[in-house]
Amino acid sequence: MVATLYIDGAWKSASDGGAHDVHSPHNQSVVATVSQATQDDVLDAITAARTSFDSGIFTSWSFEQRSALVGKIADLLERDLKAIAKKESDDTGKRIIEAEYDIADVIATFRHFAALGLKQHDRLVDVGISRVNSRIVHEPLGVCSLIGPWNYPLLQIAWKVAPALVAGCSFIVKPSELTPQSAIALMHAIEEAGTPKGVANLVLGPGSVVGHHLINDPRVDMVSFTGGLNTGQTIMKAAVSTVKRLALELGGKNPHIIFADADIDAAIDNAVTAAFLHSGQVCSAGTRLIVERSIHDRVVKEIVRRAGQIRLGGPDDLTAETGPLISKSHLEGVTKYVEKGVAEGATLLVGGKRSEKSEHANGWYYLPTVLDNCNTKMFCVQDESFGPVMTVEVFDTEAQAIAIANDTPFGLSGGLWSKDADKAARVASALRHGTIWVNDFGPYKPAAEWGGYKQSGIGRELGEHGLGEYLEIKHIWTNNAPSKSGWFSDGGEG
Ligand code: NDP
């Protein structure tokens, strides 16, 4: 029986012996078999986290001690980078090389938070009264449910686990059931690094089953979630009864504006990468191309040519440039999305179907797709496909470009290309999105905050704020020369 649940410092099988197979999106082969937690297992994990937190076993560590632990975890992940990347690649179908980049980013995340933990967070406040010492101190928030998606499985979990550990929280991790292997590897590193029992727990299984207690249990103080908007809304509703803290990283439908005065070759190349990297399964994918009318034909013609020659392939295909979609149901969803786009008036210029190559027959490969003649009223412009689908809209003026780019319920990221620095600064300032790239698209660094405006989420991960999400702030006022308040009469004379 497999024992891949990590609860209260021990590796366990599901209480009913349940397990499920993980299938390769590349060829549907079974790449792993993992335990599938029952609701009882989830309750045990929450109990372990609550008990460890309330015991003070970890909260009593200093920030320096917890930073050292997180640094050690980074070292262990670095030691095992290739093995973890292989698991990530097996689960997601992405190429090994991409998975190795991802795990390197995971390690950088742990190192960032290890360094941040060494900074002084507390401060004295000058309240203008010499006998009073007023201090702002930061304390661990409590028990956290950390729930991640399947597209960058370990990276999205790392953005939560690393700051939670530095802050001194106890937690339960739940990766997507589709991609559990790298989270298991992380738990091994957390265990080996010497994390106290019960602080870090791992449950596996579908969100519809194991998610319930993670988001409803009153003993959970915070839910940090990365995933789709609908699940995020479910989590918000569940948080109401005990006013849980929430950190939500949700979807995106990210505008990518190209002005006629841009470096067009660089803009085109980046537009292709922005839309089709990881087959569009990127929350910040630049899937909405918004291009100035005068250069539309040139830009779109070249993007279509480039999209048509992108090489698809599985984890071990060294010639491949991107991989499959994560699952059959996701492939079906993207297929319907494109059909709907065409039905509402978009012009299909390339792609628009599953790959017909024999070597892709058992995998979930969808061709890079460009839909032209789109506008903000369309479903395919407003809704996220999370697949390799670029929509194209045109504009004539700067004001129009801004209005189109902001006409979305999402606000995760956006990019713009122009050689006019003043215009670029004006547009960057006017865009209502959490990250804006000027003459670039896609890079992020652990030292910079990441998160969404509007329906793309609540809060920020990474940067300094990403640690703050896991801390409570307390004000301690100490009067060193106590005296009567004198507000109410004490009933004496006068
Ligand atoms: P989902 O919302 O379907 O799932 C995300 C996680 O939530 C999974 O672990 C899932 O479990 C779990 N889950 C599902 N239902 C519940 C529930 N009722 N209670 C608790 N947990 C639940 O998203 P996807 O995995 O499909 O990820 C794709 C989405 O994530 C896209 O919309 C994308 O934009 C967004 N995303 C956002 C990022 C950002 O930084 N803003 C980064 C990456 C992705 P299971 O899968 O096992 O059922």
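Per an unreviewed UniProt entry, the protein goes by Betaine-aldehyde dehydrogenase and derives from Candidatus Planktophila vernalis. Among the UniProt annotations of the protein, the heading Sequence similarities (unreviewed entry) holds the following wording: "Belongs to the aldehyde dehydrogenase family."

S.K.: Residue-level account of the overall build of the protein, with values.
M.R.: Counting its secondary structure elements, the protein contains 15 helices and 20 strands. Relative to its length of 494 residues, the protein is compact, with a C-alpha radius of gyration of 25 Å against a globular reference of 23 Å. Considered along the principal axes of its C-alpha atoms, the protein spans approximately 90 × 65 × 40 Å. Counting across all 494 residues of the protein, residues that qualify as buried make up 55%. Sequence separation of 24 or more characterises 72% of the internal contacts of the protein that already satisfy a separation of 6 or more. A total of about 20400 Å² of accessible surface is found on the protein, and carbon and sulfur atoms cover 53% of it. Side-chain charges in the protein split into 46 positive and 59 negative, and the spacing between the mean points of these groups amounts to 1 Å.

S.K.: Give me the site of the ligand: which residues, what numbers.
M.R.: In the region of the ligand, 28 residues are neighbours, and G148, E177, T231, L250 and E384 sit closest. Within the side chain of W150, one N or O atom sits 2.9 Å away from an oxygen atom of the ligand. At 2.5 Å from an oxygen atom of the ligand is found a side-chain nitrogen or oxygen belonging to E384. Within the complex, the protein chains bury 86% of what would otherwise be the 910 Å² of accessible surface of the ligand. Listed by contribution, the elements that provide at least two residues to the shell around the ligand are α7 (207-216) and β10 (222-226). Broken down by element, the residue count for the shell around the ligand peaks at three residues, all from α7. Grouping the constituent residues of the shell around the ligand by class yields twelve nonpolar, twelve polar and four charged.

S.K.: Go over the sheet that holds strand β6 (residues 132-140), please, and point to the residues and values.
M.R.: The three strands lie next to each other as β5-β6-β20, forming an open sheet whose pairing is antiparallel. Single-partner strands in this sheet number two, and they are β5 (123-125) and β20 (471-479). Averaged over all neighbouring strand pairs, the angle between strand axes comes to 30°, with direction disregarded. Pairing of β6 with β20, which is carried by nine bridges, proceeds in the antiparallel orientation. Directly across from R135, in β20, lies its bridge partner I476.

Thresholds, definitions, all that
Residues numbered from 1 in each chain as written. Predicted model: local features only at pLDDT ≥ 70, side-chain atom pairs only at ≥ 80, totals over all residues. Heavy atoms only, no water. UniProt positions renumbered as here; feature names shortened; annotations may be inferred. Helix = DSSP H or I, 4+ residues; strand = E, 2+ residues; numbered from the N terminus. Rg over C-alpha atoms; globule rule 2.2 N^0.38 Å. Buried < 20%, exposed > 50% of the residue type's maximum accessible area, 1.4 Å probe, protein only. Contact = heavy atoms within 4.5 Å. Areas by Shrake-Rupley, 256 points an atom, 1.4 Å probe, with all protein chains shown as cover. Lys, Arg positive; Asp, Glu negative; His and termini not counted. Charge placed at Lys NZ, Arg CZ, Asp CG, Glu CD. Near = heavy atom within 4 Å. Polar contact = N/O pair within 3.5 Å; in protein donor to acceptor, adjacent residues only side chain to side chain. Nonpolar A, V, L, I, M, F, W, Y, C, P; charged D, E, K, R; others polar. Pairing = 2+ DSSP bridges. Axes fitted to C-alpha atoms, helices over the stretch in contact; angles between N-to-C directions.

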